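Chain and residue survey
The lines below spell out each chain.
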Amino acid sequence: MDNLLAKFFSGEASEEEKAEVLQWRSENDANAEAFFETKRAWIEIQRPSEAADQDRLAQILEAEAKTAKQRALGIPPMLRYAAVVLLVAATVLVLYRLKWDSYNELITEIKLEDGSTAVLYKGAELEVVSFDDIRKVSVSGKVYFDVKSDESRPFIILTDEAKVEVLGTSFLVDATEQGKTQVAVESGLVNFGQNPEKSAGQKITTISLKEGEQGLIYPNAKGVVKQRIQNVNYLAWMNRVISFDRNNMKEVADIINEVYGYEVEFTHEQVLRCRLSAKFNQKSVEDVAKIISATFGLEYKINKKKVTFSGKGC
C-alpha cells in the first residue's frame, strides 16, 4: 500500500489504482488515519517553509529534487515511487520529531552510568546516592525507570516514605504528593515497602509487585496497599498513548494538562457532563482538540498554553 499511496499523492496513479486507494481508506479507521497522515506529510513536502527543522528539511528537498530529476531522465516508475515512499516517510519522521521536541519540555531523560534510564516528569528530582556494590538513588516527584538487569547489584530507589528494590525491570515511581508513594509496574518484579531510614522502630512491610500491579503507601497509614493498576493512562505523560473510556471532560482536561502542559477551559459548564471514549497514539494537542470538538460539536482555540472549547456540547 505504501507504493500505491506514493503514486496516489504524486499524481502517478491510474484510475484503477486511485479507486483501490480510496476503497482501502474507507475500510476502517486505521486505514483512514494512515491515509490522512501520509496526506499531511505530502502537504508538508509541498510547503517546506512551515517546517522548523531546516537542516533535515534541506535533505528532504534535495531528495525531492533528485526524484524530479530522475523522472525527467526517464528512470523506471517503480524506482521513482520507491523514492517518493522514502521521501514521505522521512517527512513524517521530521514532523514527529518536531511534535516530540515541543512536548519534550515536560520531561527529562537521564541515562545512568549502569545503562539504566530514568525519565523525570516536570518538577521531579533524582539524586544518585551510590553506584558501587549497590545501585541506589533517591527521588521526589514522578519518575519512570527502565532498570538494566544486574543480579550482582540490586537497584534501590528511596522516597521520603518508601523503598523500591529491583534487579531489572520497568516501572513508575510517583512521589508527587507529600508523604505518599505509588509504584506501578510495567514489566518485571518489584519489591516495595516503607523506607527503613524513616521508619525507625516500626515494623517494615514489603510486598512484591508484578506486571500490571501497583503498590501505595499513604501518609500515616500502616502497611502497603496492593492492587491492579487502575489508571490506564499512568504512563501517558511519558509515551503520549492516551485511552478514554467514557471519561468525563474534567478527567479529560486533567489528562491533557498532564500530558501536554496545556490548560483546558470550557466556556459552557454543560460540556463537563459529556463523556469521551477515544484513543490517541502519539497525537499532538491540536489533534486531540480536533477530535474532541468534532465529537461534541464544539469549537476550539489554542492560544499559547491554553486550549479553549466553546459550545454546549452534549
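These lines cover the structure that appears in this document, whether it is placed above or below. (Residues numbered from 1 in each chain as written. Predicted model: local features only at pLDDT ≥ 70, side-chain atom pairs only at ≥ 80, totals over all residues. Heavy atoms only, no water.)

With respect to the sheet that holds strand S14 (residues 263-266)
Let me state the cut-off plainly: Here the rule is simple: two strands pair whenever DSSP picks up at least two bridges between them. Strands here mean DSSP runs of E at least two residues long; helices mean DSSP runs of H or I at least four residues long; both are numbered from the N terminus. The convention used is that axes are lines fitted to C-alpha atoms, helices contributing only their stretch in contact, and that angles between N-to-C directions extend from 0 to 180 degrees. Contacts are assigned to residue pairs that have any heavy atoms within 4.5 Å of one another.
Spatial ordering of the open sheet is given by S14-S17-S16, a layout of three strands whose pairing is mixed. Each edge of the open sheet carries a strand with a single partner, namely S14 and strand S16 (299-303). With strand direction ignored, the average angle separating the axes of adjacent strands in the sheet is 20°. Bridge analysis of S14 against strand S17 (residues 306-310) gives four bridges, and the strand direction is parallel. Residue Glu265 lies in a different strand from S17, and its bridge partner there is Thr308. Against the sheet, helix H8 (residues 285-296) contacts S16 and S17, and its axis sits at roughly 160° relative to S16.

Digging into the side chain of Ser116
Our working definition: Identification of polar contacts relies on pairs of N or O atoms within 3.5 Å, with a donor-acceptor requirement for protein atoms, meaning one able to donate a hydrogen and the other able to accept it, and with residues adjacent in sequence counted only if both atoms are side-chain atoms.
Looking at where Ser116 falls in the secondary structure, it is placed in the loop between strand S1 (107-111) and strand S2 (117-121). Among the polar contacts listed, one links the side chain of Ser116 to the side chain of Asp114, at a separation of 2.8 Å. Apart from the residues lying within four places of it in its own chain, the contact partners of Ser116 are Ile110, Lys111, Arg135, Asp146, Val147, Lys148 and Phe155.

Structural notes on the state of the cysteines
Filter applied, for reference: Only a pair of cysteine sulfur atoms within 2.5 Å counts as a disulfide in this structure description. We call a residue buried when its accessible area falls under 20% of the maximum for its residue type, exposed when it is over 50%, and partly exposed in between, using a 1.4 Å probe and counting protein chains only.
With the rule as written, the count across this model stands at one disulfide. Here Cys274 pairs with Cys314 through a disulfide, and the sulfurs are 2.1 Å apart. Taking the sign of the S-S torsion, -115° for the link of Cys274 and Cys314, the bridge is left-handed. Of this pair, Cys274 sits in the loop between S14 and strand S15 (275-281) while Cys314 sits in the segment after S17, and the two are 40 residues apart along the sequence. By relative accessible area, Cys274 is classed as buried at 0%.

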